[in-house]
Amino acid sequence: TMAEVQKRSGKISEALESVRHSLQIAEDLRQKDPQNRLWQIDFQQALVLYIDLLTRSGDKNEARRQTEHALGFLKPLVEAKDPSVQQIEDYAELLVSTPFTALRDDAAALRWARKAVQETRESDPEVMDLLARALARSDDLTGALTVEQKALALLPPAEPARAPSELRKTIESNLAGFQATSRKQPPASPQH
């Protein structure tokens, strides 16, 4: 939590220190009970945040190494019987958002994002946004636009007197990006 607050405040180096400390605690707990799903989730969430912070700090080599580590850690968990929604979501998020082309797997990202949406019964705007981004990565802009609009509709109405939430800003930004991209694409040619 401290690392998230520091990240939002622009204190990336402090956030990195906090998340490294969190990762060590989570890893120690996980080593004591490797099958404990709560410890697994704590570890993977800290790892996903760590990757984001490494990327923001410009440490691409370590970000790539940690992304490989996270994907390797999460893949058997999501493929096991009865994975948690958080495990599925984090795995799909890494696949959708990785800047490392060699680590991308758009088909798997789409499959797991759809699974997360199914598990949450289309009720979680963050998971819906994840599916929209996976659809966009798979060149389905029409699907991405539809799903992103559903994600936006799941949020509470914007209040003019308050600043929009980070999630609202993200979803609105993604929606605008999908709309701009779809306007740039030439119309499909008729098939004979």
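Scroll up a little and you will see the structure.
Residues numbered from 1 in each chain as written. Predicted model: local features only at pLDDT ≥ 70, side-chain atom pairs only at ≥ 80, totals over all residues. Heavy atoms only, no water.

**Details of the layout of surface pockets**
Spelled out, the test is: Here a cavity denotes grid points, spaced 1 Å and computed from the protein atoms alone, that fit a 1.4 Å probe unable to get out, and a pocket denotes an open set having protein on both sides within 12 Å along at least 5 of 7 lines; residues with an atom within 4 Å of a point are the lining. Grid points are joined across faces, edges and corners, and a volume is the space filled by probe spheres set on the points. Working definition: helices are DSSP H or I runs of at least four residues, strands are E runs of at least two. Numbering for both runs from the N terminus. Residue classes follow a fixed rule: Ala, Val, Leu, Ile, Met, Phe, Trp, Tyr, Cys and Pro count as nonpolar, while Asp, Glu, Lys and Arg count as charged, and any other residue, Gly among them, counts as polar.
Counted as a void, the largest pocket has a volume near 1400 Å³. Every residue lining the largest pocket is counted, 37 residues in all, and those nearest its centre are Glu-4, Lys-7, Val-48, Asp-52 and Glu-126. It is helix H3 (residues 37-57) that contributes the most residues to the lining of the largest pocket, 9 residues altogether. Roughly 180 Å³ of volume is contained in the second largest pocket. Surrounding the second largest pocket, Leu-155, Pro-156, Pro-157, Ala-158, Glu-159, Arg-162, Ala-163, Pro-164, Ser-165 and Arg-168 form its lining. Taken together, the residues that form the lining of the second largest pocket break down as 6 nonpolar, 1 polar and 3 charged.

**Digging into the pattern of salt bridges**
Where we set the bar: Each reported salt bridge corresponds to a side-chain nitrogen of Lys or Arg within 4 Å of a carboxyl oxygen of Asp or Glu. Here the term buried applies to any residue with accessible area under 20% of the maximum for its type, exposed to any over 50%, and partly exposed to those in between, with areas from a 1.4 Å probe on protein chains only.
Scanning the entire structure with this criterion turns up 15 salt bridges. For Glu-27, the salt bridge goes to Arg-30, with nearest N and O atoms at 2.8 Å. Within this pair, Glu-27 and its partner Arg-30 are both found in helix H2 (residues 12-32), separated by 3 residues, close to a single helical turn. Since its relative accessible area comes to 19%, Glu-27 is described here as buried.

**Overview of helix H4 (residues 60-79)**
Quick reminder of the rule: For a helix, the expected span equals 1.5 Å multiplied by the residue count minus one. Throughout, a contact is declared for two residues whenever any of their heavy atoms are within 4.5 Å.
Relative to the 28 Å expected for 20 residues at 1.5 Å per residue, H4 spans 28 Å between its end C-alpha atoms, a close match to the ideal helical length. The complete set of buried residues in H4 reads Glu-62, Ala-63, Gln-66, Thr-67, Ala-70, Leu-71, Phe-73, Leu-74, Leu-77 and Val-78. Where the residues of H4 are buried, they touch H2, H3, helix H5 (85-97) and helix H6 (106-119).

**Quick look at the packing of aromatic side chains**
Threshold: Two aromatic rings from Phe, Tyr or Trp, using only the six-membered ring of Trp, form a pair when their centres are within 6.5 Å; if the ring planes differ by under 30 degrees the pair is stacked, by over 60 it is edge-to-face, and anything between is tilted.
A full pass over the atoms with the stated rule returns 2 aromatic pairs. A ring pair is formed by Phe-43 and Phe-73, whose centres lie 5.1 Å apart and whose planes are at 75 degrees; its orientation type is edge-to-face. Residue Phe-43 is found in helix H3, and its partner Phe-73 is found in helix H4; the two are separated by 30 residues along the sequence. There is no split in this pair, since Phe-43 and Phe-73 are both buried. Taking the centre distance of 6.3 Å and the plane angle of 80 degrees together, the rings of Tyr-91 and Trp-112 count as edge-to-face.

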